[in-house]
Amino acid sequence: PKTVTRMKSIAVVYGTVMGNAGACAHQLSAELTRVHLDHDVVRMSELDHDQAADTDLLIVVVSTTGNGHPPHNATAFHNHLLKNRPDLQGLRFGVLALGSRRYPKFAECGKSFDRILGELGAVRVVERIDCDGDFRFPLRVFARNVLAHVDAHPELYADSRIEPDDAAANHP
């Protein structure tokens, strides 16, 4: 039997088609590392679905494909949430949704994850941001919001700490 180790208190999970959501997840990871926050970055296709519920803060970074569908590497996790309806009470989350307003179902996959996680009892602690094409500025805002949440609730993230100098640098 495979030994399952607990995910870190902050998990950044991503689903991507063209690589943009993966790039965002890794840029967010670099920011979390810079301020000494212990975290995991996991492609959704490699995610143990049950472990996702065991993390303290789940950050979903996902693009949208086709007519509002999840990327192929996010489909299994999306379907798990929809069909198995796990109890996610106590899970905190935030969603960064990538898309293009040129399509009728702009950022629909991220909106869907946001809605489903809430329906399953998880609590949104970082407001969803929908990126239209260029994700650089929205990603900076999202990262700042994640850091502000963790900084405001250190008691919730036992193995993650923002050093005082780092917190001051992120909150002008």
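The following paragraphs examine the structure supplied in this document. Bear in mind the structure is a predicted one, so any value in this text is a computation, not a measurement.

This part is about the sheet that holds strand E4 (residues 92-99). If you walk across this open sheet you meet the five strands as E2-E1-E3-E4-E5, and the pairing is parallel. Two strands lie at the open edges of the sheet, namely strand E2 (40-43) and strand E5 (123-132), each paired on one side alone. The mean angle between the axes of side-by-side strands here comes to 15 degrees, regardless of whether they run parallel or antiparallel. Of the strand pairs in this sheet, strand E1 (residues 10-15) and strand E3 (residues 57-62) are connected by six bridges, and their pairing is parallel. Opposite Ile-10, over in E3, you have Leu-57 as the bridge partner. Across the face of the sheet, helix H4 (residues 108-119) comes into contact with E3, E4 and E5 while running at roughly 165 degrees to E4. The strands touched by helix H5 (residues 136-152) are E1, E3, E4 and E5; relative to E5, the strand with the most contacts, the crossing angle is about 170 degrees.

To continue, consider the layout of surface pockets. Space inside the largest pocket adds up to approximately 390 Å³. Forming the walls of the largest pocket are 20 residues, and the residues nearest its centre are Thr-64, Leu-98, Gly-99, Ser-100 and Tyr-103. Only helix H1 (20-34) and E4 provide two or more residues apiece to the lining of the largest pocket. Residue composition of the lining of the largest pocket, by class: eight nonpolar, 10 polar and two charged.

Here H5 spans 24 Å end to end across 17 residues, near enough to the 24 Å set by a 1.5 Å rise per residue. Within the span of H5, buried status applies to Pro-138, Leu-139, Val-141, Phe-142, Ala-143, Val-146, Leu-147, His-149 and Val-150.

Glancing now at the side chain of His-80. When you line up the elements, His-80 lands in helix H3 (residues 75-84). The buried category is assigned to His-80, whose relative accessible area is 11%. Setting aside anything within four residues of it in sequence, one finds His-80 in contact with His-49, Asp-50, Arg-85 and Pro-86.

Below, the discussion takes up the pattern of salt bridges. What the rule picks out here adds up to eight salt bridges. Of the charged contacts in the structure, one is a salt bridge between Arg-136 and Asp-134, with a shortest N-O distance of 2.8 Å. On the accessibility criterion, Asp-134 (43% relative accessible area) is partly exposed. Where salt bridges share partners, they join Asp-114, Arg-124, Arg-128 and Asp-130 into one cluster.

Right, let's get into the packing of H3 against H4. The interhelical angle for the contact between H3 and H4, taken along N-to-C directions, is 35 degrees, at an axis separation of 10 Å. H3 and H4 meet at a crossing whose hand is left-handed. For the pair H3 and H4, contact is made by Phe-77, His-78, Leu-81 and Leu-82 and by Ser-112, Phe-113, Ile-116 and Leu-117, respectively. Its residues assigned to classes, the contact of H3 with H4 comprises six nonpolar, two polar and no charged.

All right, on to H1 then. What sets the pattern is the α-helix's 3.6 residues per turn: residues three or four places apart point alike. A rise of 1.5 Å per residue sets the reference length of H1, with its 15 residues, at 21 Å; its end C-alpha atoms lie 21 Å apart and thus fit the reference within 8%. Taken together, the buried positions of H1 are Ala-21, Gly-22, Cys-24, Ala-25, Leu-28, Ser-29 and Leu-32. Viewed end-on, H1 has its buried residues packed into an arc of 160 degrees, placing them on one side of the element. Next to the buried residues of H1 lie E1, E2, E3, E4 and H5. One or two steps after H1, the chain reaches His-36, where phi turns positive at roughly 65 degrees.

Calculation rules
- Residues numbered from 1 in each chain as written.
- Predicted model: local features only at pLDDT ≥ 70, side-chain atom pairs only at ≥ 80, totals over all residues.
- Heavy atoms only, no water.
- Pairing = 2+ DSSP bridges.
- Helix = DSSP H or I, 4+ residues; strand = E, 2+ residues; numbered from the N terminus.
- Axes fitted to C-alpha atoms, helices over the stretch in contact; angles between N-to-C directions.
- Contact = heavy atoms within 4.5 Å.
- 1 Å grid on protein atoms, 1.4 Å probe; cavity = no way out; pocket = protein on both sides within 12 Å on 5 of 7 lines; lining within 4 Å.
- Points joined across faces, edges and corners; volume = space filled by probe spheres on them.
- Nonpolar A, V, L, I, M, F, W, Y, C, P; charged D, E, K, R; others polar.
- Expected span 1.5 Å × (residues − 1).
- Buried < 20%, exposed > 50% of the residue type's maximum accessible area, 1.4 Å probe, protein only.
- Salt bridge = Lys/Arg side-chain N within 4 Å of Asp/Glu carboxyl O.
- Left-handed = near helix turned anticlockwise from the far one by under 90°.
- Arc of directions from axis to C-beta.

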